[in-house]
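Observations on the three-dimensional arrangement
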Amino acid sequence: MIIKPLKWLACIVLALIAVLAIFLIYITAIDYKPPAQTELHTNNNNSPILKQGEPFTVTTFNIGYAGLDQGQDFFMDGGTMTRSKSKGQTETNLNAIANFLSDTHSNLYILQEVDINSSRSNHINQVEKISHSLQGYSDTFAYNYKMPWVPVPLTHPMGAVQSGLLTLSTFNSTSHIRFNLPGKESWPVQLFELDRAFIESRFPVDNGKELVMINLHLSAFDKGGTIRKQQLDFLEDYINQEVEKDNYLIIGGDWNHSLPGTDHNKFPTKQEWPEWLQPFPDTFGPGDFQWAVDPNTPSVRTLDVAYQEGLNFLAVIDGFLVSPNVDIADVTGHDLNFENSDHNPVTGNFILK
């Protein structure tokens, strides 16, 4: 009497294993494997040339796929959620983000976690929405997350994801290239992780030089920071090569490190330093490069719980690293109280010497 139920149980277990095996084989076969460098398409690239000596502004903003508003948590940070609360909430967040960008009037925007067609953001094309709201800007998009189905967490899976980096500009550019960053998790974990990258944008300057603008989003949840170290080593080598060309460099975005010149103790919290956050290494890069950060405005909050003022751990992980031939006129962190994203945007005012 017991044997027959055991056989049924064994059949069910074997069937589940077979389904899992087929799924992993399929995902491995179609896994997004970008080359080391990919030339990117740019829309509306008919803007005026950048001028040496004239101030211009750059805003970096990780928009959190317009799904990580005040009321959200995130499973990788200790919460439970992966998707926006609803399509209506996604649209509310995205409209607020687009309005902020339009009202800020920056010359350049470098955005991270911008979805094109993802379950977590109700399949809204955020690149299209933001680009249409910023008439007169060129726009360049690069994937860093492209997966037909992310099955975790099992109770509320993230689902399909198509997401990446978006650079918008009022200046004429000569090229935009996606650089693949090194460092991968082990199989099969890496199948469902981001394919980290940065966008290199080259803008000719009227003195014959180039402004090289980097839009980056480094890893966050790699244990021990080993992948982040590989990415920073790669970036350091890249910077050293560009320095030899005597160009202007601005590297900005979401560094996923507590940035130099900032102190998290300025921001009241009831939480301890989160495991995923690391201090930025003192040994990185040429010594004459400068950090452009706002130490008085937090740019990120923890996501293990919904946002409550005075509860969540806050830090500055978004900002810019600039070459010594770029003058930092001003840096402003915009305190949006994390209403529509888990990040606050940061604007730098720069002058090319």
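In this text, all values refer to a predicted model and were calculated from it rather than measured experimentally. (Residues numbered from 1 in each chain as written. Predicted model: local features only at pLDDT ≥ 70, side-chain atom pairs only at ≥ 80, totals over all residues. Heavy atoms only, no water.)

1. Here we look at the pattern of salt bridges
What counts, and what does not: We define a salt bridge as a side-chain nitrogen of Lys or Arg found within 4 Å of a carboxyl oxygen belonging to Asp or Glu. Think of it this way: any DSSP run of H or I at least four residues long counts as a helix, any run of E at least two long counts as a strand, and we number them from the N terminus. Exposed residues in this analysis have more than 50% of their type's maximum accessible area, buried residues have under 20%, and partly exposed residues fall in between, with area computed by a 1.4 Å probe over protein chains only.
Under the counting rule described, the total for this entry stands at 8 salt bridges. A salt bridge links Arg202 to Glu242, with the shortest nitrogen-to-oxygen separation between them at 2.4 Å. Placement of the pair is Arg202 in strand S8 (residues 197-204) and Glu242 in helix H4 (residues 226-243), with a sequence separation of 40 residues. Overall, Glu242 belongs to the buried group, its relative accessible area being 2%. Here Asp246 and Lys209 are joined by a salt bridge, their closest N and O atoms 3.2 Å apart. Highlighted residues: Asp246 in the loop between H4 and strand S10 (248-254) and Lys209 in the loop between S8 and strand S9 (210-217), separated in sequence by 37 residues. One connected set of salt bridges, linked through shared partners, spans Glu200, Arg202, Glu210, Glu242 and Lys245.

2. As for the nonpolar core
Stated formally: Residues enter a nonpolar core if they are buried and are Ala, Val, Leu, Ile, Met, Phe, Trp, Tyr or Cys, with the set joined through side-chain atoms within 4.5 Å. Whether two residues touch is decided by their heavy atoms; if any such pair falls within 4.5 Å, the residues are in contact.
In terms of nonpolar packing, the biggest core is built from 26 residues, with Phe198, Leu216, Leu235, Ile239, Ile251 and Trp255 touching the most fellow members. Going through the elements one at a time, strand S7 (175-180), S9, H4 and S10 are the ones with two or more residues in this core. Sorting elements by how many residues they give to this core places H4 first, with 4 residues. Sequence-distant contacts of Leu216, defined by excluding residues within four places in its chain, comprise Gln112, Ala197, Phe198, Leu235, Ile251, Gly252, Gly253, Asp254 and Trp255. Formed by 20 residues, the second largest nonpolar core is a distinct cluster that contains Phe56, Leu108, Phe203 and Val205.

3. Looking at the packing of aromatic side chains
We apply this condition: Any two rings among Phe, Tyr and Trp, with Trp reduced to its six-membered ring, count as a pair given centres within 6.5 Å; such a pair is stacked if its planes are under 30 degrees apart, edge-to-face if over 60, and tilted if neither. For a ring to carry a charge above it, either NZ of a lysine or CZ of an arginine must fall within 6 Å of the ring centroid while also lying within 35 degrees of the normal to the ring plane.
One pass over the structure, following the stated rule, counts 18 aromatic pairs. Pairing Phe280 with Trp291 gives two aromatic rings, centres 4.9 Å apart and planes at 75°, and the pair type is edge-to-face. Of this pair, Phe280 sits in the loop between S10 and strand S11 (290-292) while Trp291 sits in strand S11; the two residues are 11 residues apart in sequence, bridging distant segments of the chain. Exposure remark for Phe280: the relative accessible area of 6% places this residue in the buried category. When the ring centre of Tyr143 is taken as origin, the NZ or CZ atom of Lys146, which lies over that ring, is 4.4 Å away. The ring centre of Tyr248 lies 5.4 Å from the NZ or CZ of Lys209, which sits over that ring.

4. Concerning the environment of Leu235
On the secondary structure map, Leu235 appears in helix H4. Residue classification places Leu235 among the buried positions, given a relative accessible area of 1%. Note: C-alpha distance between Leu235 and Pro182 (53 residues apart in sequence) is 9.8 Å. Contacts of Leu235, omitting those with residues within four sequence positions, involve Phe198, Leu216, Ile251, Trp255 and Phe284.

5. Notes on the pairing of S9
Our working definition: Should DSSP find at least two bridges between two strands, the strands are regarded as paired.
Of all 8 residues making up S9, 7 are buried, and the element is well covered by its neighbours. Bridge count between S8 and S9: 7 bridges; the pairing is antiparallel. By the bridge assignment, Ser201 is partnered in S9 with Met213. Connecting the antiparallel pair S8 and S9 is a turn made up of 5 residues, with Gly208 showing a positive phi of about 95°.

6. Structural notes on the sheet that holds strand S14 (residues 318-322)
The test is simple: Between N-to-C directions, angles span 0 to 180 degrees; the directions come from axes that are lines fitted to C-alpha atoms, helices contributing only their stretch in contact.
Strands sit in the order S1-S7-S8-S9-S10-S14-S11 across an open sheet of 7 strands; the sheet is mixed. In this open sheet, the two edge strands, each paired with only one partner strand, are strand S1 (37-39) and S11. If you compare each strand with its neighbour and ignore which way they point, the axes differ by 20° on average. The strands touched by H4 within the sheet are S7, S8, S9, S10 and S14, with S8 carrying the most contacts at an inclination of about 15°.

7. Side note on the pairing of strand S5 (residues 138-150)
Relative to S5, strand S2 (residues 42-43) runs antiparallel, the two being bridged by 2 bridges. Residue Thr42 lies in a different strand from S5, and its bridge partner there is Thr140. For S5 and strand S6 (residues 159-169), the ladder comprises 10 bridges, and the chain directions are antiparallel. Paired with Phe141 across the bridge in S6 is Leu166.

8. Remarks on helix H3 (residues 126-133)
Here is the rule: Each C-beta atom gives one direction from the helix axis, and the arc is the one those directions make. For this analysis, a polar contact is any N or O atom pair within 3.5 Å, provided that within protein one partner can donate a hydrogen and the other can accept it, and provided that sequence-adjacent residues contribute only side-chain to side-chain pairs.
Along H3, the positions that sit buried rather than exposed are Gln126, Val127, Ile130 and Ser131. Mapping the buried residues of H3 onto a view down its axis gives an arc of 125°, with all of them on the same face. Where H3 is buried, its residues contact helix H2 (87-104), strand S4 (108-115), S5 and S6. Between the side-chain oxygen of the N-cap and the backbone nitrogen of Val127 there are 3.2 Å, and the N-cap of H3 in question is Asn125.

9. Digging into unusual backbone geometry
With an omega dihedral of -15°, the bond running from Val152 to Pro153 counts as a cis peptide bond. Here Pro153 lies in the loop between S5 and S6. Notably, Glu113 is not glycine yet its phi reads approximately 55°, a positive angle. If you trace the backbone, Glu113 turns up in strand S4. Even without glycine at this site, Asn337 takes up a positive phi of about 60°.

10. Observations regarding the environment of Ser133
Within the secondary structure, Ser133 is located in helix H3. Here the alpha-carbon distance between Ser133 and Gly319, two residues 186 residues apart in the chain, equals 24 Å. Beyond its immediate sequence surroundings of up to four residues, Ser133 is in contact with Ala98 and Ser102. Among the polar contacts listed, one links the side chain of Ser133 to the backbone oxygen of Ile130, at a separation of 2.7 Å.

Purely spatial values, then, with no claim about function.
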